[in-house]
Amino acid sequence: MRDPNAVSFTRTLRLKVKCEAYPWLNAAAMEVNQVWNWANATSADAADRNKRAHAKFLSGFDLCNLSAGATEYFERIGADTIQRINCEYAIKRRAAKRSRLRWRVSRGARRSLGWVPFKAASIKRKGSGLRFCGKSFRVFDADRLTDTKWCDGCFAQDACGDWWLCLPVAYAAQFLPASDRAVGVDLGCKDAAVTSDGDRLTSGHYRSLEPQIAQAQRRGHKRQAKRLHRKAANRRQDAQHQFSRMLVNQYQKIVVGDVSSLKLAKTRMAKSVLDAGWGALKNQLAYKSEHAGRQFQVVNENYTTRACGNCGALSGPKGVGQLVVRRWECVDCGAVHDRDVNAARNILTAGLRCRASVRGNECSPPSARRAGPHRPRATGISAKAGAA
């Protein structure tokens, strides 16, 4: 019997569908687009104050009532799929705070990627495959579905034209044994992430395939270029998952700098910044720390590169012109630092000074009032803090 107090989380199983089902899914996706566009037009018409005296935004329940009996006009999708489309459209429209969303295009160069949602009871196991709307499907790694209870999911198409079965599955959180170790993580371009203990996550997954992508684009091989882009993305995601899992398993507290990839993506370093994938790495550390009972914290990283980890003096390299300097010596104490490792240690020091528990299984201690006026240091680093 399941413990009602147990902490659970949802993970999406993404299984690739075998190619014999692609024609049926492509045709079903066109019917899904028709339902979406109908819901889009109906919702916009009902919310038009120039046409309606009592204009209102239609909910998913209203759209389901208006679309009752529409299954006779479609050959592949059923009532459950139509209801899921209506509810999903209402959620997206409410989140966007607009009366109308973008239309889904079924043909042409700017067509929308295929999407076929379903309810959990609509898809069933049949031998080694699955059955949905009278159609049998085979997927790779079907053994992962053994003794698995899934929620409402969908069939999704990627840019290469391949179809994937996405099934949300609930798992019970397994808290790892508590550890007294903490680590700081500095995000960069040459190395996507460097820890205060010297571990590194290499970057350049797109850069290594860039000549092949350029050659495919010059020859007009769009499908090959898309597959190379997907290969680079898969390499990056796999490396980030391994790196984030290693940190969560070894450390109790993980502190990361607040560098913004969105702002740096508008500079000349945009390609290297996007190739590093800082946002995805921070998201993985956040949810994995929550599931394992760890603490994850984002702190201000101002002056962490310039400040010496031993004495706190701002004697390090500064400016874009000195990004080439990877090792430097402090002029005050004479300590030699690796640029990224020193920044990670300073980030860890700044995180240890913050007493609040951002995420994790530890209670946040009550904040104590300071006896006198306090002027915060500009660096956020204690001058007497030793090397982490």
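Each remark here, short or long, concerns the structure printed above.
The residue count restarts for each chain, going from 1 along the sequence in the order it is written. Reporting in this predicted model follows two pLDDT cut-offs: at least 70 for local features of residues, and 80 or more for side-chain atom pairs to be given and counted; totals over whole chains, interfaces and linings ignore these cut-offs and use all residues. Excluding hydrogens and water, the side-chain values take into account all heavy atoms of the structure.

Asker: So what exactly am I meant to see when it comes to the sheet that holds strand β2 (residues 115-118) here?
Answerer: What holds strands together in a sheet is hydrogen bonding between their backbones, with the strands either parallel or antiparallel. When DSSP locates at least two bridges between a pair of strands, those strands are taken to pair. Per the convention used, a helix needs a DSSP run of H or I reaching at least four residues, while a strand needs a run of E reaching at least two, with both numbered from the N terminus. If you trace the four strands from one edge of the open sheet to the other, you get β1-β7-β6-β2, paired in antiparallel fashion. Of all the strands in the sheet, just β1 (8-16) and β2 have a single pairing partner and so form its edges. Put simply, the sheet's adjacent strands are angled 25 degrees from each other on average, direction ignored. Contacts are assigned to residue pairs that have any heavy atoms within 4.5 Å of one another. Here the axes come from fitting lines to C-alpha atoms, over the contacting stretch only for helices, and the angles between their N-to-C directions go from 0 to 180 degrees. In the packing of helix α1 (residues 22-46) onto the sheet, the strands contacted are β1, β2, β6 (153-157) and β7 (163-172), and the crossing angle to β2 comes to about 80 degrees. Packing of helix α3 (residues 79-96) onto the sheet brings it into contact with β2 and β6, and relative to β2 it is tilted by some 105 degrees.

Asker: Is there a simple way to explain the side chain of T81 in this structure?
Answerer: Following the sequence through the fold, T81 ends up in helix α3. Using a relative accessible area of 1% as the deciding quantity, one classes T81 as buried. Setting aside anything within four residues of it in sequence, one finds T81 in contact with V32, P117, F118 and F132. Burial here depends on accessible area, computed with a 1.4 Å probe over protein chains only, as a share of the maximum for the residue type. Under 20% is buried, over 50% is exposed, and the range in between is partly exposed.

Asker: Quick question: what am I supposed to make of the state of the cysteines here?
Answerer: Simply put, disulfide is the name for a covalent bond between the sulfur atoms of two cysteines. The disulfide criterion is simple: two cysteine sulfur atoms within 2.5 Å. For the coordinates displayed, the defined rule picks out zero disulfides. With no disulfide of its own, C64 lies closest to C87 among cysteine sulfurs, the gap being 4.1 Å. For C64, a relative accessible area of 17% gives the class buried. C330 provides the cysteine sulfur closest to C311, a residue in no disulfide bond, and the two sulfurs are 3.6 Å apart. Residue C311 is classed as partly exposed on the basis of its relative accessible area of 25%.

Asker: What should I look at first to understand the sheet that holds strand β8 (residues 182-187) in this one?
Answerer: Pairing in this open sheet of five strands is mixed, and the strands run β10-β9-β8-β11-β12 from one edge to the other. Two strands bound the open sheet, and with one partner strand each, they are β10 (200-202) and β12 (295-299). In this sheet, adjacent strand axes meet at a mean angle of 20 degrees when their direction is disregarded. Where strand β9 (residues 191-195) lies against β10, three bridges are found, and the strand directions are antiparallel. The residue of β10 that forms the bridge with V194 is R200. Strands β8, β9, β10, β11 (253-257) and β12 of the sheet are contacted by helix α9 (residues 339-353), whose axis makes an angle of about 125 degrees with β8.

Asker: Help me understand a positive patch on the surface, please; the structure alone is not making it clear to me.
Answerer: For patch detection, residues must exceed 30% relative accessible area and be free of salt bridges, and they are connected within 9 Å for like charges or within 5 Å for nonpolar side chains (Val, Leu, Ile, Met, Phe, Trp, Tyr). Residue-level accessible areas treat just the shown protein chains as cover; the underlying method is Shrake-Rupley with a 1.4 Å probe. Whenever a carboxyl oxygen of Asp or Glu lies within 4 Å of a side-chain nitrogen of Lys or Arg, that contact is scored as a salt bridge. Residues scored as charged are limited to Lys and Arg (positive) and Asp and Glu (negative), so that His and the chain ends carry no count. Working definition for charges: the position is that of NZ of Lys, CZ of Arg, CG of Asp or CD of Glu. There is a patch of like positive charges on the surface, built from R111, K222, R223 and K226. Relative to the assigned elements, K222 resides in helix α5 (residues 222-250).

Asker: So what exactly am I meant to see when it comes to the packing of helix α4 (residues 205-219) against α5 here?
Answerer: Geometrically, a packed helix pair is captured by the angle between its two axes and the distance between the axes. Taken N-terminus to C-terminus, the directions of α4 and α5 make an angle of 175 degrees; their axes are 9 Å apart at the nearest point. Between α4 and α5, the angle falls in the class roughly antiparallel. Taken together, the residues of α5 that come into contact with α4 (itself represented by H205, Y206, S208, L209, Q212, I213, A216 and Q217) are Q224, A225, L228, H229, K231, A232, R235, R236 and A239. Grouping the constituent residues of the contact of α4 with α5 by class yields eight nonpolar, six polar and three charged. For classification, angles of less than 35 degrees are called roughly parallel, those exceeding 145 degrees roughly antiparallel, those between 65 and 115 degrees roughly perpendicular, and all remaining angles oblique. Basically, the charged four are Asp, Glu, Lys and Arg, the nonpolar ten are Ala, Val, Leu, Ile, Met, Phe, Trp, Tyr, Cys and Pro, and anything else, Gly included, counts as polar.

Asker: Can you walk me through the pattern of salt bridges in this structure?
Answerer: Pairs can form between side chains of opposite charge whenever their charged atoms are close. Scanning the model with the defined rule gives 16 salt bridges in all. As a salt-bridge pair, E31 and R76 come within 3.5 Å of each other at their nearest N and O atoms. One end of the pair, E31, is in helix α1; the other, R76, is in the loop between α2 (60-66) and α3, and 45 residues separate them in sequence.

Asker: So what exactly am I meant to see when it comes to the packing of α1 against α3 here?
Answerer: Put simply, α1 and α3 touch, their axes get as near as 10 Å, and they point 45 degrees apart. When the interaxial angle is binned, α1 and α3 end up oblique. At the point where α1 passes α3, the crossing takes the right-handed sense. Listed contacts from α3 to V32, V35, W36, W38, A39, N40 and S43 of α1 are T81, I82, I85, N86, Y89, K92 and R93. Residues that form the contact of α1 with α3 fall into these classes: eight nonpolar, four polar and two charged. In this scheme the crossing of two helices becomes right-handed for a clockwise turn of the near helix relative to the far one and left-handed for an anticlockwise turn of less than a right angle.

Asker: Just to check I follow, could you spell out the packing of aromatic side chains for this structure?
Answerer: Within a pair of aromatic rings, the relevant descriptors are the distance that separates the centres and the angle that separates the planes. Only rings of Phe, Tyr and Trp enter the pairing, Trp through its six-membered ring, and a pair is recorded when the two centres are within 6.5 Å. The plane angle decides the type: under 30 degrees is stacked, over 60 is edge-to-face, the rest tilted. As enumerated under the stated definition, the model contains nine aromatic pairs in all. Plain terms: the ring middles of W24 and F137 are 5.6 Å apart, the flat faces sit at 75 degrees to each other, and that makes the pair edge-to-face. Of this pair, W24 sits in helix α1 while F137 is found in strand β5 (residues 135-137), placing the two residues 113 residues apart along the sequence. On the basis of relative accessibility, which here comes to 15%, the residue W24 falls in the buried class. Taking relative accessible area as the criterion, F137 reaches 1% and is therefore assigned buried. Within the aromatic cluster, the residues linked to one another by ring pairs are W24, F118, F132, F137 and F155. Above the plane of the ring of F140 lies K18, whose end atom (NZ or CZ) is 5.1 Å from the centre. Counting as a charge over the ring demands two things of the Lys NZ or Arg CZ atom: a distance within 6 Å of the ring centre and an angle within 35 degrees of the ring normal.

Remember, this is a structural readout, not a statement about activity or role.
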